[in-house]
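Observations on chain architecture
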Amino acid sequence: MFALLHGSRAETLHLACDPSTGLRAVIAIHHARMGPALGGCRYLTYVDEESAIEDAIQLARNMSYKAVLAGLPLSGGKAVIMRPVHQPDRAALFEAFGRFVETLQGRYITAVDSGTCSADMDRVALHTRHVTSTSEEGDPSPHTALGVFAGIRATAMARLGSDNLEGLRVGIQGLGHVGYALAGHLHAAGAELLVSDLDNRKVQRAMQAFNAHPVACETLLGTPCDILAPCGLGKVLNCATLMQLRCAAVAGAANNPLSSLEMADQLERRGILYAPDYIINCGGLIKVALQHRGDSAATIAAHISRIGLRLTEVYAHSQAHKRSPARIAQALAEHLLNVG
Ligand code: NAD
């Protein structure tokens, strides 16, 4: 575990176990010097405790990168709650999590993430004020989707020579909070959508609302398209799946879609442009961070719209230095963290 902390340069790891509610939770904080650590709380099934801890640590580092590249005065943090085998009292579980967050006295601020929703954050808010994306503040996912949409435009421009998405084939893996909202923006811009989700009801909804074409989960990655947008869980692009890709670019919302940085090099060698996850998916973080400090909706929208510009700069450096955008973005984030 210490090797994992050291490898990701995470600083602290906090664990909570509350048998009365079934809570087993991890909070990882990365590079705490930049300000309070803000990052979502996942509520998912994990095969074991090690994978939950690993997820929290890696995601906390990504949150640091996300914040520093977006110019936000925040550190990276992430919480993971291991979904109990037996159906728990969800309200009690999230209240217990709220008490856990409160013990950190503001060093970590939580938010929604995969498997959690604003109603869960309302429960958390009964015990701590270090929480965002409650029902009152709203779900940040639509803002994440807006940022990913801006990033897809910039990616299309860099790889295909135009940011006009009319007629472009976009494969979306995962139609959850972000994927579904992204599908709406892409459909409005005239893109043709190829969609998959583990939950067939979400696929049906996208077919009806956006005229999307359904694709089986196991074949989406290998389906020819212009842009592949992973919007499900992480590590979907690995040694086993990378060779299946038949797209010009990968640009989606999922955190850590690559199993390792070497995958980015392989994408580069294959001429597939990769939009670094922590640049393209930072719209939700921008929203919660700026809303938390009282900025206006117009300021938030303007900040999110700059995501495309940041990606364009990274792509230009990538081309000039013949290194993958993922390596360029990581080097830039590490540099900013070190001088910050
Ligand atoms: P979500 O849980 O609402 O949706 C994820 C969807 O992906 C679900 O519908 C699930 O069934 C589907 N899915 C999972 N694995 C799949 C697979 N192999 N094939 C097809 N479908 C699959 O989560 P979300 O909030 O939409 O977030 C999606 C991703 O974006 C996550 O990786 C998350 O960490 C990342 N992200 C989310 C936000 C946000 O604001 N919600 C911000 C930044 C990053």
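Residues numbered from 1 in each chain as written. Predicted model: local features only at pLDDT ≥ 70, side-chain atom pairs only at ≥ 80, totals over all residues. Heavy atoms only, no water.

1. Focus: the overall build of the chain
Across its full length, the chain holds 13 helices and 12 strands. Relative to the 2.2 N^0.38 estimate, which gives 20 Å for 340 residues, the radius of gyration of the chain is 19 Å and therefore close to what a compact globule would have. Summarising its shape, the C-alpha atoms of the chain cover approximately 55 × 45 × 40 Å along the three principal directions. Counting over 340 residues, the chain shows a buried share of 56%. Residue pairs in contact within the chain that sit at least 24 positions apart in sequence constitute 66% of those at least 6 positions apart. Taken together, the 30 basic and 30 acidic charged side chains of the chain have centroids lying 4 Å from each other. (Helix = DSSP H or I, 4+ residues; strand = E, 2+ residues; numbered from the N terminus. Rg over C-alpha atoms; globule rule 2.2 N^0.38 Å. Buried < 20%, exposed > 50% of the residue type's maximum accessible area, 1.4 Å probe, protein only. Contact = heavy atoms within 4.5 Å. Lys, Arg positive; Asp, Glu negative; His and termini not counted. Charge placed at Lys NZ, Arg CZ, Asp CG, Glu CD.)

2. Here's the deal with the packing of helix 5 (residues 141–160) against helix 12 (residues 307–321)
Where helix 5 contacts helix 12, the two axes come as close as 8 Å, and the packing angle between them is 35°. Handedness of the helix 5/helix 12 crossing: right-handed. Seen from helix 5, the contacting residues are Gly147, Ala150, Gly151, Ala154, Thr155 and Ala158; seen from helix 12, they are Ile307, Gly308, Leu311, Thr312 and Tyr315. (Axes fitted to C-alpha atoms, helices over the stretch in contact; angles between N-to-C directions. Left-handed = near helix turned anticlockwise from the far one by under 90°.)

3. Concerning the nonpolar core
Ile152, Ile172, Leu182, Leu186 and Leu193 are the most contacted members of the largest nonpolar core, which totals 45 residues. Per-element accounting of this core gives the leading share, 6 residues, to helix 5. Not counting residues up to four positions away in its chain, the partners in contact with Ile152 are Leu165, Leu182, Leu186, Ile227, Ala229, Ala251 and Ile280. Of all hydrophobic cores here, the second largest spans 22 residues; its members include Leu23, Tyr108, Met121 and Val131. (Core = buried A, V, L, I, M, F, W, Y, C linked by side-chain atoms within 4.5 Å.)

4. Notes on the domain arrangement of the chain
Each domain of the chain was delimited in the assignment, giving domain 1 (2–61 + 72–124) and domain 2 (141–281 + 308–339). Its C-alpha centre places domain 1 at a distance of 26 Å from the equivalent point of domain 2. The partner domain 2 presents 10 residues to the 15 residues of domain 1 that form the contact. Scanning the region where domain 1 abuts domain 2 turns up 1 residue pair in polar contact (both at pLDDT 80 or more). Of all the secondary-structure elements, those providing two or more residues to the side of domain 1 that touches domain 2 are strand 4 (41–44) and helix 2 (49–69). The element contributing the most residues to the side of domain 1 that touches domain 2 is helix 2, with 4 residues. Counted by class, the side of domain 1 that touches domain 2 contains 3 nonpolar, 5 polar and 7 charged residues. (Domains from an automatic or database assignment. Polar contact = N/O pair within 3.5 Å; in protein donor to acceptor, adjacent residues only side chain to side chain. Nonpolar A, V, L, I, M, F, W, Y, C, P; charged D, E, K, R; others polar.)

5. Some details on the pairing of strand 5 (residues 75–82)
Within strand 5, 8 of the 8 residues are buried, which leaves it mostly tucked inside the rest of the structure. Burial of strand 5 is two-sided: the residues Ser75, Gly77, Ala79 and Ile81 facing one way and the residues Gly76, Lys78, Val80 and Met82 facing the other way are all buried. As paired strands, strand 2 (residues 23–30) and strand 5 are joined by 6 bridges and run antiparallel to one another. Of the residues in strand 5, the one forming a bridge with Ile29 is Gly77. Here strand 3 (residues 37–38) pairs with strand 5 via 2 bridges, running parallel. What sits directly across from Leu38, in strand 5, is Gly76. Summarising the sheet, strand 4 and strand 5 pair through 4 bridges and their orientation is parallel. Residue pairing across strands places Tyr43 opposite Ile81, the latter belonging to strand 5. (Pairing = 2+ DSSP bridges.)

6. Here's the deal with the side chain of Asp55
Positionally, Asp55 belongs in helix 2. Within the structure, Asp55 has its side chain in polar contact with the side chain of Tyr46 (distance 2.5 Å).

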